[in-house]
Amino acid sequence: MVFFSNIFLCLDIHFKLIIKPFFYHYVKYSKSIFDFDFQSFYLQSYKFCMKKILSNFLISTLALPLLAFTTITGTIIDNSNLAPIEFVNVAVFKQGNAEPAFGVTTNANGVFLFPSVPNGKYSIRFSFVGYKIYNQLLTVEDSPLNLGIIKLIGNSKTLGDVEVVAQGSQMRFDIDKKVFSVDQNIAASGGSATDVLKNIPSVKVDNEGNVSLRKDANVEVWINGKPSGLTVDNRAQVLQQMPAESIESIEIMTNPSAKFNPEGTAGIINLVMKKNRKAGYYGSLSAGLMYPTGGKLGGTMGTNINYSSNKVDAYVNIGYRAMSFQGGGNTQRYNYSGVDTTLLMQNLVRDVTYSGLFLRAGIDYHLDQKNSLSFAGFQMNGSGNSSSIIDYILTDEVNNLELRKYKRKNTSLGTRPSFNLNLDYRHDFDKKGTHNILASMEYSAHTRGSDNRYEQSYLTPPNNDITQSLLGKNKEFVFKTDYTNKITETNRIEAGWQSTLSNRLSDASGFYTQSNTNLSAYMNKFDYDEMIHAGYITYGDRFMNKLNVQAGLRAEYMDRIFTNTTDLAGTQKIDPKPTLEFFPSLYLSYTLTKKDELQLNYTRRVNRPRGRQINPFRDYSDSTSIAYGNPNLLPEYSSSLEFNYMRIWDNHSLSASAYYRYTDNVIENVRFINSGSMENTYMNIAKIKNTGMEFIVKNQLFTSFNLTSSVNLYYSKMDSSVYVNPYNTIISTTIAGQSTFAWSANVIANLMFSKTFSGQITGEYSSPTLIAQGKESAEYQVDLGFRKTFLDRKLSVNLIASDIFNFNKERTITWGTSFYQIAESYFHRRLIGITISYNFGNMKPKQTEIKKKAASPDMNVDMME
């Protein structure tokens, strides 16, 4: 009963002390949003969820097998620097048997756990590339067996004059995610978070900074397990400004559980920031120079400082980036809407410069052994400016006659300040940390401002100069409570509540530069309010030491209201009907042998349209291609089924995935010709069925050479649809049904030339693929990096070359009723750079923390891993 009382106490305190007062304050400004009886819905949800919790708990408890099992745990560290070693292979053998009975690998803290081993006599073996194998005899009885700290001794080998040592692993697999280490990504040294994502298998970042996963752009990008206010409208700027050195790893979750926000039909990309735990203080300094072909010399600087003691853990990360790129492209558009066929040719040259400061800091205060308080946040402050020149030539193709020739110069001066704050409180009910409550509050604000000037010059006067000001503000409050209880060594229950309140404001105005006369068509104010309240519960168990089961359900209530104000149409208020949606998840994992594992998972997810997708503001930055949103868009809903097989050899590993995703109300960008100009907007285009297979292989071919390779095979089928322009019902666009097969590949090769000198080659390829109203051509890129360390690895020098063959261009062919278009663009060309970093302070892990983790093996070991 204590277990259930804790859940009620957690959620009730969360509601009374945090959510309810905030609602009453907020309702003064938006009463229509809060007409729904939340407290009644809240109490009814509790009653329903608690009945399910009780029944599942009783069933699982009565079904526990009456066999003699116990746990084996311990911590593996390096003998020389006492640092925890991740991914060590730990195998348990029945005495007299050559084949292992059980096998696991250590986590990031060097901790391993065998949760259910029958009584008997065994031998245990620890092995990892670059270290000597260590064996130990065991006798397992009824009480848990803690082996304490085991030190592995390095096993360097000398080949002639070259000393070869092992290089850290670049990727690991968990039941619901794949984790990629950023420290091992030499090619992204001195770069940004965008550069890191470009080297992650199945992830693509286009020239505008838009991120997609497995060919699907409806993906969420989080920071440290939280959305942190990142949206489709602002995350390209945030990721470009975030230094790669501040990121520890990238987590790819293609089918997140019910515990996580269901936004993003393709899944979640989580950026895990560095947060070292060393005794005393530890830090680093870095500086670098970057030169892109056609651009100007840029630079980066940064520092990371960490302090840790028994009571306080604190960190500060500061990074500064200043870059200058030259991009461009060209377009050929055939227009068949009139009597004659015309061809519009455009040539674009664009210079982009940006600079900004990234600051991240946090402090964890341990009140006592069971209570801790954390405060953290990050801030960005910078500018982004661009200048582009577009040359236009319009010709009559039938009569071979030049109809018009002109030039347009666009100048943009922009700022993008943003910040995010988090306050967390954690209470542990036991010393192991497996029974706890975590309450958190988060506030984020992102602002984007720009002054844009459009100068259009004909061969003969007059000139048309227009200035437009754009201001975008996003604010978000998140209140969250999570309860976790590992009831036994094999089962665990999680429950929680989350409330999110957000506002997005977009304000635009325009005027003729010379006369200062207002332009009504350029003026628009879009104000969007949204709130989402969600509750979830998940339950996981392990059976027969082979089958892992985790099931969950998340319920979300969403209400939103938005207004659009223009000089021409006045204020229009849109108040969609509130929705209550359920998002289930199911994970099954079965261990065939020590080296083979099967996984099957199912989730339901959603992609809710926001920002520019629903804002009807018309963007005239290119007078021949006008873009605007569609406020009548509906959310996308997808159901995903994924089957995974994992096989581990001594020096090789394989992850094979087969996935199927069905998506309804798919949102796509559509184009059509209106009065000679192309218009772009968004629409729901019926249904899409996606099927694919993904293979990720890790090969340690030699002690000094390893490969990480991935291949994604993708098949998509889209239904046909007809789009009617809401602003001109005479104009309609028919999108024919189509199917496409595409594939992509990524290879990362790591070489250790010596103990202090390493290299890396990264290559990626994406095949041609069909899109709504057209197709995208193939894309490919090759990156190169070298790293040399000095002074016992305290000083490192990195030399990088990105897109060394200048292959990275985007080419798109689109067509529709009365037009055919070929467009090619690139953001920047080949980039070369050098970065230097220096580590200082204590290089050894905190001894008290290692001992604590060894004594409490479940602290950071997920039961389902």
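Reading guide: rules and limits
Residues numbered from 1 in each chain as written. Predicted model: local features only at pLDDT ≥ 70, side-chain atom pairs only at ≥ 80, totals over all residues. Heavy atoms only, no water. Helix = DSSP H or I, 4+ residues; strand = E, 2+ residues; numbered from the N terminus. Buried < 20%, exposed > 50% of the residue type's maximum accessible area, 1.4 Å probe, protein only. Areas by Shrake-Rupley, 256 points an atom, 1.4 Å probe, with all protein chains shown as cover. Phe/Tyr/Trp six-rings, centres within 6.5 Å; stacked < 30°, edge-to-face > 60°. Lys NZ or Arg CZ within 6 Å of the ring centre and 35° of its normal. Pairing = 2+ DSSP bridges. Axes fitted to C-alpha atoms, helices over the stretch in contact; angles between N-to-C directions. Salt bridge = Lys/Arg side-chain N within 4 Å of Asp/Glu carboxyl O. Patch = residues over 30% accessible without salt bridge, like charges linked within 9 Å, V, L, I, M, F, W, Y side chains within 5 Å. Core = buried A, V, L, I, M, F, W, Y, C linked by side-chain atoms within 4.5 Å. Contact = heavy atoms within 4.5 Å. Polar contact = N/O pair within 3.5 Å; in protein donor to acceptor, adjacent residues only side chain to side chain. pLDDT = per-residue confidence, 0-100.

### Remarks on the overall build of the protein chain
The secondary structure content of the protein chain amounts to five helices and 49 strands. Across the 865 residues of the protein chain, 51% fall into the buried class. Put simply, the protein chain shows about 37800 Å² of open surface, and 58% of that area lies on carbon and sulfur atoms.

### What about the packing of aromatic side chains?
For the structure on display, the rule yields 22 aromatic pairs. Ring geometry for Phe753 against Phe757: centres 4.9 Å apart, planes inclined by 35 degrees, an arrangement best described as tilted. Members of the aromatic cluster, each reached through a chain of ring pairs, are Trp743, Tyr765, Tyr780, Phe805 and Phe807. When the ring centre of Tyr406 is taken as origin, the NZ or CZ atom of Arg404, which lies over that ring, is 4.4 Å away.

### Side note on the sheet that holds strand 3 (residues 102–105)
The strand order across the open sheet built from four strands is 3-2-5-6, with neighbouring strands paired in antiparallel fashion. Across the chains shown, the open sheet's two edge strands, defined by having one partner strand only, are strand 3 and strand 6 (134–140). Between one strand and the next, the sheet's axes are offset by a mean angle of 20 degrees, whatever the strand orientation.

### Side note on the pattern of salt bridges
Counting across every chain of the model gives 18 salt bridges. Of the charged contacts in the structure, one is a salt bridge between Glu642 and Arg214, with a shortest N-O distance of 3.3 Å. Of this pair, Glu642 sits in strand 33 (residues 636–648) while Arg214 sits in the loop between strand 13 (211–213) and strand 14 (219–223), and the two are 428 residues apart along the sequence. We note that Glu642, like Arg214, is buried.

### Section: a nonpolar patch on the surface
Taken together, the side chains of Ile363, Tyr365, Leu367, Leu373, Phe375, Leu421, Leu423, Tyr425 and Met441 make up a nonpolar region of the molecular surface, amounting to roughly 720 Å² of accessible area. Looking at which element gives the most residues to the nonpolar patch, the answer is strand 23 (residues 418–428), with three residues. With respect to the secondary-structure elements, Leu373 resides in strand 21 (residues 371–396).

### So, the nonpolar core
Ranked by internal contacts, the top residues of the largest apolar core, which has 28 residues, are Met242, Ile250, Ile269 and Leu271. Residue assignment for this core shows that the elements contributing at least two residues are helix 3 (193–197), strand 12 (203–205), strand 13, strand 14, helix 4 (235–241), strand 15 (247–253), strand 16 (267–273) and strand 21. Setting aside residues up to four positions removed in sequence, Ile250 forms contacts with Lys178, Val179, Phe180, Val182, Val196, Leu197, Ile200, Ile269, Asn270 and Leu271. Within the second largest apolar cluster, 19 residues are counted, among which are Ile85, Tyr122, Tyr131 and Leu147.

### Structural notes on the environment of Phe583
Relative to the elements of secondary structure, Phe583 occurs in strand 30 (residues 579–593). Along the chain, Phe583 and Pro262 lie 321 residues apart, while their C-alpha atoms are 7.2 Å from each other.

### Remarks on the pairing of strand 42 (residues 757–766)
As defined by bridge partners, strand 41 (residues 738–754) adjoins strand 42 across 10 bridges and the pair is classed as antiparallel. Opposite Ala749, over in strand 42, you have Ile761 as the bridge partner. Where strand 41 folds back on strand 42, the antiparallel hairpin that results is connected by two residues. As paired strands, strand 42 and strand 45 (residues 779–790) are joined by 10 bridges and run antiparallel to one another. Among the inter-strand pairings, Tyr765 is bridged to a residue of strand 45, identified as Tyr780.

### Quick notes on the environment of Pro262
Topologically, Pro262 is positioned in the loop between strand 15 and strand 16. Separated by 320 residues in sequence, Pro262 and Phe582 place their C-alpha atoms 9.7 Å apart.

### Looking at the pairing of strand 41
In the sheet, strand 38 (residues 705–718) pairs with strand 41 via 14 bridges, with the strands oriented antiparallel. When the sheet's bridge partners are listed, Asn712 is paired in strand 41 with Ser744.

### Comments concerning the side chain of Arg554
Relative to the elements of secondary structure, Arg554 occurs in strand 28 (residues 547–566). There is a polar contact of 3.2 Å between the side chain of Arg554 and the backbone oxygen of Ala258. Once residues within four sequence positions are removed from consideration, Arg554 is found in contact with Ala258, Lys259, Phe260, Asn261, Pro262, Gln498, Ala534, Gly535, Tyr536, Glu581, Phe582 and Phe583.

### Remarks on the sheet that holds strand 32 (residues 625–627)
The sheet built from three strands is open, its strands ordered 32-36-35 with mixed pairing. The strands lining the two open edges of the sheet, one partner per strand, are strand 32 and strand 35 (667–674). In this sheet, neighbouring strand axes are inclined to one another by 30 degrees on average, regardless of whether the strands run parallel or antiparallel. Across three bridges, strand 32 lies against strand 36 (residues 677–684) in parallel orientation. Residue pairing in the sheet places Ala627 in a bridge with Asn680 of strand 36.

### Section: unusual backbone geometry
The residue Asp792 is not glycine, and still its phi comes out positive at about 60 degrees. Here Asp792 lies in the loop between strand 45 and strand 46 (795–802). Positioned with a positive phi, Asp803 is a non-glycine residue whose angle comes to about 50 degrees. Residue Asp803 is classed as buried on the basis of its relative accessible area of 3%.

### Here we look at the confidence of the model for the protein chain
Looking at the protein chain, the pLDDT average stands at 79 and 81% of residues meet or exceed 70. Long-range and interchain partners of residues 1–67, a stretch whose pLDDT sits below 50, account for 78 contacts in this model, where long-range means more than four residues apart.

### Description of the environment of Met441
Turning to its location among the elements, Met441 is positioned in strand 24 (residues 435–458). A sequence separation of 58 residues divides Met441 from Ser499, and the C-alpha atoms of the two residues are 9.8 Å apart.

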